[in-house]
Amino acid sequence: MKTTVKLWIGIGVLALLSPLGLILPEHFKAGDAWGEWGADTFKELVGYIPQGLEKLSSLWSAPIPDYAFKGWEEKGLAGLSFAYITSAVIGIFVTACLVILIAKFLSKKD
Amino acid sequence: MHIPDGYLGPATSGVMYVVMLPIWAVASRVAKKTLKAKQVPLLAIAAAFSFVVMMFNVPIPGGTTGHATGAALAAILLGPWAACIAVTVALVVQALLFGDGGITAIGANCFNMAFIEVFAGYYLYKLISGSSSVTSFRRVIAAGIAGYVAINIAALSAAIMFGIQPLLYKTASGHSLYCPYGLNVAIPAMLGEHMLIFGWVEALITALVIKYLQKQDPSLLEAQEEVSI
């Protein structure tokens with residue numbers, strides 16, 4: 001088997017295992033990454049919500065925010081895990097396609 | 001390490017875009033000159049790996065989370081300029097589709113992870129590897145150290161960006177407009193957690209993948225040798 005095929009299989013396995021990145025933090029009661037809190041969290045952290053931060057934080061509404069489907073908040077860890085795997089697959093696919101497109105574009109110009 | 005929208009003021013995020021533009025331009029030019037058609041699949045794999053490995057949030061029990069980035073690994077396999085493109089694409093997809101990292105902060109996040117971390121990782125690996133053969137154990141160690149140090153330098157850079165915000169933007173009442181934590185908080189927090197935990201995760205995945213490729217297909221590790229800037 002070609003190495004690239006094996007590596008793609010490895011990435012597929014990682015996509016399937018990706019919910020670990022959701023479940024382990026939940027299990028060990030770890031919060032957000034440092035510096036990646038939602039705007040509301042600042043009320044607890046520093047007692048106020050920085051004005052500029054509040055305004056800019058809602059600038060972009062991503063189609064799959066935080067690798068979770070909108071309206072699935074009630075579905076628990078199983079639902080979140082499913083959304084996480086789906087996000088991984090979509091993200092891997094889009095990322096790989098974009099890289100190949102860029103590479104094609106760069107090599108064609110000569 | 002994905003700085004969200006709103007943490008950096010407009011000047012900081014603007015400057016980081018301006019800094020990244022020539023870097024992206026050079027990366028494209030170098031890739032155009034040196035990237036071989038047979039390397040393109042590996043480039044796509046490195047970008048996809050970087051994307052998915054960042055989804056593996058590693059918890060600090062009762063504290064925060066963080067993750068590896070695959071940036072040093074991409075640099076070792078593809079050279080720093082091609083790796084810059086690969087990690088940039090992963091970061092842009094994360095920001096646009098998944099809201100992981102801000103739109104306004106794409107320049108800043110790419111500077112940290114697709115530039116600083118990639119180049120630090122690449123040159124450390126080169127330096128420590130020296131003239132050892134591509135299948136030598138020294139290269140596995142070199143990859144691990146490169147991953148560990150590179151992600152920590154990137155974390156420091158992100159911490160500095162966070163930390164200068166209170167100096168730059170304050171309201172009349174003394175409240176911060178953007179990230180409220182200064183350098184004295186941001187640097188120990190970001191660097192501490194990356195030195196203690198996430199750096200080791202990056203070291204481990206970088207070293208393990210290099211070890212695997214040494215066995216599986218050492219030619220992939222040699223290919224990079226011919227690519228110069």
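Scope of this entry: the structure provided in the associated data block. (Residues numbered from 1 in each chain as written. Chains lettered and ligands numbered in written order. Predicted model: local features only at pLDDT ≥ 70, side-chain atom pairs only at ≥ 80, totals over all residues.)

## Section: the overall build of chain A
The helix and strand inventory of chain A stands at 5 helices and 0 strands. Along chain A, from the amino end to the carboxyl end, the secondary structure elements read α-α-α-α-α. A compact globule built from 110 residues should have a C-alpha radius of gyration of about 13 Å, whereas chain A, at 19 Å, is more than 25% larger. Along the three orthogonal principal directions, the C-alpha set of chain A runs to about 55 × 40 × 25 Å. The proportion of buried residues among the 110 residues of chain A is 32%. (Helix = DSSP H or I, 4+ residues; strand = E, 2+ residues; numbered from the N terminus. Rg over C-alpha atoms; globule rule 2.2 N^0.38 Å. Buried ≥ 20, exposed ≤ 12 C-beta atoms within 10 Å, placed from the backbone.)

## As for the environment of Gly147(B)
All names here are of chain B. Among the secondary structure elements, Gly147 is positioned in helix 6 (residues 137–163). The sequence separation of Gly147 and Thr206 amounts to 59 residues, and the corresponding C-alpha distance is 6.0 Å. Not counting the four nearest positions on each side in its chain, Gly147 is found in contact with Ala72, Leu73, Gly121, Glu202, Ala203, Thr206 and Ala207. (Contact = placed C-beta atoms within 7 Å.)

## Quick look at the interface of chain A and chain B
Across the boundary between the two partners, chain A contributes 56 residues, which contact 61 residues of chain B. Secondary structure elements with two or more residues in the side of chain A that touches chain B: helix 1 (3–17), helix 2 (20–27), helix 3 (41–46), helix 4 (51–57) and helix 5 (76–108) of chain A. Here the side of chain A that touches chain B takes 14 residues from helix 5 of chain A, the largest share from any one element.

## A look at helix 2 (residues 40–53) of chain B
With 14 residues, helix 2 of chain B should cover 20 Å at 1.5 Å per step; its first-to-last C-alpha distance of 20 Å lies within 8% of that length. Counting buried positions along helix 2 of chain B gives 13 out of 14 residues, so the element sits mostly inside the fold. (Expected span 1.5 Å × (residues − 1).)

## Side note on unusual backbone geometry
Residues and elements named next belong to chain A. Phi at Asp66 is positive, roughly 55°, even though this residue is not glycine. By the element assignment, Asp66 lies in the loop between helix 4 and helix 5. Classification of Asp66 as partly exposed rests on a count of 16 C-beta atoms within 10 Å. The phi dihedral of Tyr67 falls on the positive side, at around 60°, and the residue is not glycine. As for its position among the elements, Tyr67 is in the loop between helix 4 and helix 5.

Read these as layout, nothing more, since geometry by itself doesn't imply function.
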